[in-house]
Each structure stands twice: as C-alpha cells, then as structure tokens.
Amino acid sequence: MTLKPLSAAFCFLCLPGLAAAGEKTVYGLNEYAALQGIDLEVAAKLDTGAKTASLSARDIKRFKRNGESWVRFYLAIDAAHSHPIERPLARVSKIKRRAGDYDPEEGKKYTARPVIELDICMGSALRSIEVNLTDRSAFQYPLLIGSEALKRFDALVDPSLKYAAGKPACANAAHTAE
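Residues numbered from 1 in each chain as written. Predicted model: local features only at pLDDT ≥ 70, side-chain atom pairs only at ≥ 80, totals over all residues. Heavy atoms only, no water.

J.: Would you mind going over the state of the cysteines with me for this structure?
T.: By definition, a disulfide is the covalent link that joins the sulfur atoms of two cysteine residues. Applying the stated criterion across every chain, the model contains one disulfide. Between the sulfur atoms of Cys121 and its disulfide mate Cys170 the distance is 2.0 Å. Where Cys121 bonds to Cys170 through sulfur, the torsion about that S-S bond is close to 85°, and the disulfide is right-handed. On the criterion of sequence distance, the pair formed by Cys121 in strand β7 (residues 110-122) and Cys170 in the segment after β10 (155-162) is long-range, its members being 49 residues apart. (Disulfide = S-S within 2.5 Å. Helix = DSSP H or I, 4+ residues; strand = E, 2+ residues; numbered from the N terminus.)

This is the structure in structure tokens:
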C-alpha cells in the first residue's frame, strides 16, 4: 500500500520534464532540410550522438575578403551544384578522427574543419546553425544535424520516424521564435 503514494510522488516529480517535452517538436531520424540562401533542399540525418552539424562540401578553400576570413566551397551532393558558394568563416572546429581515419605516422588525432553559419529550415522552424564543411559524399545523407543544432530547433528525435516534420515550409525572410 505504501507504493501508491510513492509512485504518485514520483509522477509529480516527473511532470516538469513532461511539460518541457510538450514544448518541443518531434522530428524523425531523417528530415528534409532547406538550406536558405543556397536554394537547396536535402535529406538530413539527425544524430544526437554527434555534437556538430556537417554539410557535404568539396574543394574547400579559405581566403580573406576585406580583412575577414571567408571560405569558398562547392557542394559535394551531385553534379548539378557546379557553382562555388562563399560564406564568412565562423570558426575552425577540431573534429576527433575515427579509428579507421587515424594515421599513427601523421600523429594527428583531430582534423580541422571550417565552420560557417547557415540558415536551415526543417518543418516550419528556421534556425541559424553552425555547420562544418567536409566531404560526406560517401554517406547517404549530405547533411548531418548534431546535438548543438538540435537544441536550437527544440527537437526531440524519434528514431522510429522518418520525415515527421514534412517538407520545409519557412518564410525566407523571418526566423521563427528561438
């Protein structure tokens, strides 16, 4: 009989967490993402185990423009994206190499990747997130959205779902509430 009051107390302690969960948007393991300013929609993998977001890019070059650091790259998605994209460099990220990617002779356990800010639309939510640039052409999804970006989307990820948010439907000019 003492279990009932104890279980009721436990449920009340969990209510704040449930209320916070109610304010979040449920996304699937994969979602459609519109890359604002690039006029491109891609399939993305949502990965809570990755910290950062990654976009498939090739021929990545850093350069200076008016004393500021910029990056020029081509999307490594398909042959249709043959024009260069230029964005200000937000920072350079150190990404830990996987065991199969580590060369003991080289001795570097990290790889440096340029990071840009990019406006991404998923469902009806438009957020500015940091995205590192790397060649993901060997992967199924050209965009990986990690935990830092998922926080900005107030996301809950249900891995049993795919494309739960539907096609991106954001207004081009305005960000939704963050």
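Past the structure itself, the notes keep going.
J.: Help me out: how do you make sense of the pattern of salt bridges in this one?
T.: Opposite charge on two side chains makes pairing possible when the charged atoms of those side chains draw close. Counting across every chain of the model gives six salt bridges. Between Lys151 and Glu148 there is a salt bridge whose closest N-O contact spans 3.2 Å. In this pair, Lys151 and Glu148 both sit in helix α2 (residues 147-152), three residues apart, roughly one turn of the helix. Overall, Glu148 belongs to the partly exposed group, its relative accessible area being 37%. When salt bridges that share partners are traced, they join Arg65, Arg72 and Glu86 into one network. (Salt bridge = Lys/Arg side-chain N within 4 Å of Asp/Glu carboxyl O. Buried < 20%, exposed > 50% of the residue type's maximum accessible area, 1.4 Å probe, protein only.)

J.: What is the right way to look at the pairing of strand β1 (residues 25-35) in this model?
T.: Along a regular strand, successive side chains alternate from one face of the sheet to the other. Bridging between β1 and β10 involves five bridges; their strand directions are parallel. Each residue of the ladder has a partner; that of Gly28, found in β10, is Asp158. Sheet topology places β1 next to strand β2 (residues 40-46); six bridges connect them, and they run antiparallel. Residue pairing for β2: Leu35 is matched across the bridge by Leu40. Hairpin remark: β1 followed by β2, antiparallel, with four residues in the connecting loop; positive phi at Gly37, about 85°. For β1 and β7, the ladder comprises two bridges, and the chain directions are antiparallel. Along β7, the bridge assignment pairs Ala34 with Cys121. (Pairing = 2+ DSSP bridges.)

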